[in-house]
Structures are given as C-alpha cells and as structure tokens.
Amino acid sequence: MPGQRTSPEPPDAQLAFAAELRELRRRTYKKPTEEAFARRMGCGRSTVSAILNGRRFPNWEHTAAFVEACGADPSKWRERWLQANRQIEEASKGHPSPFTQLPFISGPEAKGDALLAAHWYRNNREFYEAASARAQQARSEIRVTYTRRYPPTQYTTPASAEYFRTILDWANEDSDDERSVRRIIGIPERNGVPDSDMFSWARQHYEDSKHILTYEASVLRWTAAADGLNMALIDDSVVFLAFSGGPRQKLNGFSVEDPTFMTYFAAYFDQLWAALQPLGTYLSAVDGSRIDEPAE
C-alpha cells in the first residue's frame, strides 16, 4: 500500500547466526521446543522464534542459554557471537565489515575463506589416545566407522586397543544420560566372500556388544582393496579423521572442532547408515548362505 513502511532486511551476519543456531538445534539429540528454550533463556516464545528466524539478534546471555539447552559448550560459541555482533554493529553504521563471513552457514555455496583449526596427530598412538580421551568426555552421541583391511585385533598398539574398549565402556556405562553409539564396520569381501579374519572379529564383536542397548553396529560390504577413510564424530563438536598407510600399523590423522565441519561428516555418516544392514542381520545372512551352499 502507498506510504506503508517495510521492515529493513536483517544484516547478513544476523541471518547467518540464526542459521547456525537452527543447525545446532537440528543436531541436538532431543530437539528442545521453542517453549523449552524460552524457559531456559528466561524470555517469551516469540523472542525465541524471532531469534531463530533471524529477525532478532540474541544477547550473549540468551545465546549461552540456547547453546547449553542444545547440550553444547557455550564457551565455544563466545567468539562466534562476538564476531557476529561486531559485523552487525559495523553494518548498522554503513561500514563494510572487515571480518570474514562466519563458516557455519551457507553450505557448499558459501563464498570467502574459512580457516579451520585442525590438530594433527603424528602416529597411531597420538591419534587413538586423543580420540579415547574425547570419547570419555562425550555427553550423548558417538558415531564411528571402521573400514580397514585387517581387524582391530591385528593392531598391536595399546592405544588402539584402549580406544575400542573406551567406546564400548562409554556406551555400557550406567548413566542418566541418553547415550547412543553407532558404528559402521566395513567388512572386506572378494567375489562376494567376506574376509575370514574380519568376519570372525565381527562375529566376536557382536557377541561382546549385543547386550549393550545403547550400542548399534551396521555393516558396509567393502570391495575396495584398500582401507577407507575412518572417522569418529563425538557429540556435535569434534570430528576425528584417520588415514592409514601401506603397513597395517601405520595410521595418523587430525581432529577439527567446528560445527560446520561436523555437519558435513554427520550427514555423510547418516547417509551411509541408512543403507546398511545391522551387524546381527548381516552375520545371520552370511552364515545362512554358507549353510545353503551345496557341498563339493
């Protein structure tokens, strides 16, 4: 209508920050409702809705309460909030922002440079020790893959053995937390026949873990004559990526603590998981096919 004033478009940094908060909420195991957020933040539901839609930029107290309600660490979001706040202030003054765009927003079409802080591990021991330590600190969810040509029992480092024990112990721990461990196991096969060593380990692993209600394993039938990329995703905060070499004991990798980085690998993991057979079902199917094979 003539003379009607339209609301100005919120600054890009404000919209970006709202998108980050929405993504954090999506990654939360139990997605809080807007009413639940409002109670934690000490505000009305309409305020929460305005924040999530990008119409309102939250103060730090509201941000910290929101992040905490999602089970994340508010201290890891402090710098992110400060950067968005500075960008919004600069935009209100008509000044171009001197800061780079926040990395946790637009997905694969995001423009600009986003620097990730990675921690590099030089060898098998350093990698597994760090992964074990972080797994012990997990709050709600661990997602891991194991796609190698040899079973874990053929690796001699104490750190790798401790890592596998830690994952099962964490899942089996008597806790009030709603815990979940999902493991994708790549079992090498050739001409449809699974590697005997990996299959034997998988059967024993199933017996060792089938009583743990918070632990699930599914099988990826692996036909490549090489190890896969292995990862550990801990809660919504840290990604460990492992790279193996020619010798079976050689392994190193790195970890990254960044919500955007986590989002990509979590989506990849979930895509794989949805298409796989549970470990128990796979074992029964393979054992059944062996029984049905005609005797020579």
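Residues numbered from 1 in each chain as written. Predicted model: local features only at pLDDT ≥ 70, side-chain atom pairs only at ≥ 80, totals over all residues. Heavy atoms only, no water.

Digging into the overall build of the protein chain
- Helices and strands together make up the secondary structure of the protein chain, namely 10 helices and nine strands.
- Burial status across the protein chain gives 47% buried among its 296 residues.
- Nonlocal contacts in the protein chain, meaning residues at least 24 apart in sequence, comprise 72% of its contacts between residues at least 6 apart. (Helix = DSSP H or I, 4+ residues; strand = E, 2+ residues; numbered from the N terminus. Buried < 20%, exposed > 50% of the residue type's maximum accessible area, 1.4 Å probe, protein only. Contact = heavy atoms within 4.5 Å.)

Remarks on unusual backbone geometry
- Here Asn191, not a glycine, exhibits a phi torsion of approximately 55°, which is positive.
- Among the secondary structure elements, Asn191 is positioned in the loop between strand E3 (180-190) and strand E4 (193-194).
- On the basis of relative accessibility, which here comes to 76%, the residue Asn191 falls in the exposed class.
- With phi around 50°, Asp235 is a residue other than glycine that occupies positive phi space.
- When you line up the elements, Asp235 lands in the loop between strand E6 (230-234) and strand E7 (238-244).
- Of the residues examined, Asp235 reaches a relative accessible area of 5% and is grouped as buried.

Points about helix H8 (residues 196-209)
- In this model H8 runs 20 Å from its N-terminal to its C-terminal C-alpha over 14 residues, within 8% of the 20 Å that 1.5 Å per residue would give.
- Restricting attention to buried positions, one finds in H8 the residues Met198, Phe199, Trp201, Ala202, His205 and Ser209. Take H8 and look down its axis: the buried residues cluster within an arc of 160°, on one side only.
- N-capping of H8 is provided by Asp195, with a side-chain oxygen placed 3.1 Å from the backbone N of Asp197. (Expected span 1.5 Å × (residues − 1). Arc of directions from axis to C-beta. Polar contact = N/O pair within 3.5 Å; in protein donor to acceptor, adjacent residues only side chain to side chain.)

Let's talk about the pairing of E7
- With five of seven residues buried, E7 lies mostly within the body of the structure.
- With five bridges joining them, E6 and E7 adopt antiparallel strand pairing. Looking at E7, one finds that Leu233 is bridged to Val239.
- Connecting E6 to the antiparallel partner E7 that follows it, the hairpin turn spans three residues, and Asp235 within it adopts a positive phi of roughly 50°.
- Both E7 and strand E8 (residues 251-257) contribute to a ladder of seven bridges, which runs antiparallel. From the neighbouring strand, Val238 faces E8, where its bridge partner is Glu257. (Pairing = 2+ DSSP bridges.)

Considerations on the packing of aromatic side chains
- Evaluation of the coordinates by the stated rule reveals 19 aromatic pairs.
- Seen from their ring centres, Trp60 and Trp81 are 5.9 Å apart, and the 55° between their planes marks the pair as tilted. Here Trp60 is found in helix H4 (residues 60-69), whereas its partner Trp81 is found in helix H5 (residues 78-92), with 21 residues between them in sequence. Exposure class is identical for Trp60 and Trp81. Each is buried.
- With a centroid separation of 5.9 Å and 90° between ring planes, the pair formed by Phe127 and Phe240 is classed as edge-to-face. Within this pair, whereas Phe127 is found in helix H6 (residues 124-136), its partner Phe240 is found in strand E7, the two being separated by 113 residues in sequence.
- Taken together, the ring pairs connect Tyr121, Phe127, Tyr128, Tyr146, Tyr163, Phe164, Trp201 and Phe240 into an aromatic cluster.
- The residue whose ring lies beneath Arg80 is Trp77, and the NZ or CZ to ring-centre distance is 5.4 Å. (Phe/Tyr/Trp six-rings, centres within 6.5 Å; stacked < 30°, edge-to-face > 60°. Lys NZ or Arg CZ within 6 Å of the ring centre and 35° of its normal.)

Topic: the pattern of salt bridges
- This model, assessed by the stated rule, comprises 22 salt bridges.
- Across the pair Arg182 and Asp270 runs a salt bridge whose closest N-O atoms are separated by 3.1 Å. Of the two residues, Arg182 sits in strand E3 while Asp270 sits in helix H9 (residues 259-274), which places them 88 residues apart along the sequence.
- Judged by relative accessible area, Arg182 falls into the buried class, the value being 13%.
- Two residues, Asp287 and Arg203, come together in a salt bridge whose shortest N-O distance is 2.8 Å. One end of the pair, Asp287, is in helix H10 (residues 279-292); the other, Arg203, is in helix H8, and 84 residues separate them in sequence.
- Note on Arg203: relative accessible area 32%, which makes it partly exposed.
- Within the structure, one salt-bridge network assembled from shared partners comprises Glu141, Arg143, Arg182 and Asp270. (Salt bridge = Lys/Arg side-chain N within 4 Å of Asp/Glu carboxyl O.)

Let's talk about the environment of Ala217
- By secondary structure assignment, the location of Ala217 is in strand E5 (residues 215-222).
- Judged by relative accessible area, Ala217 falls into the buried class, the value being 12%.
- In this structure, the C-alpha to C-alpha distance between Ala217 and Arg143, residues 74 residues apart in sequence, is 9.9 Å.
- Those residues in contact with Ala217 that lie beyond four places of it in its chain are Arg183, Ile185, Trp273, Gln277, Pro278 and Leu279.

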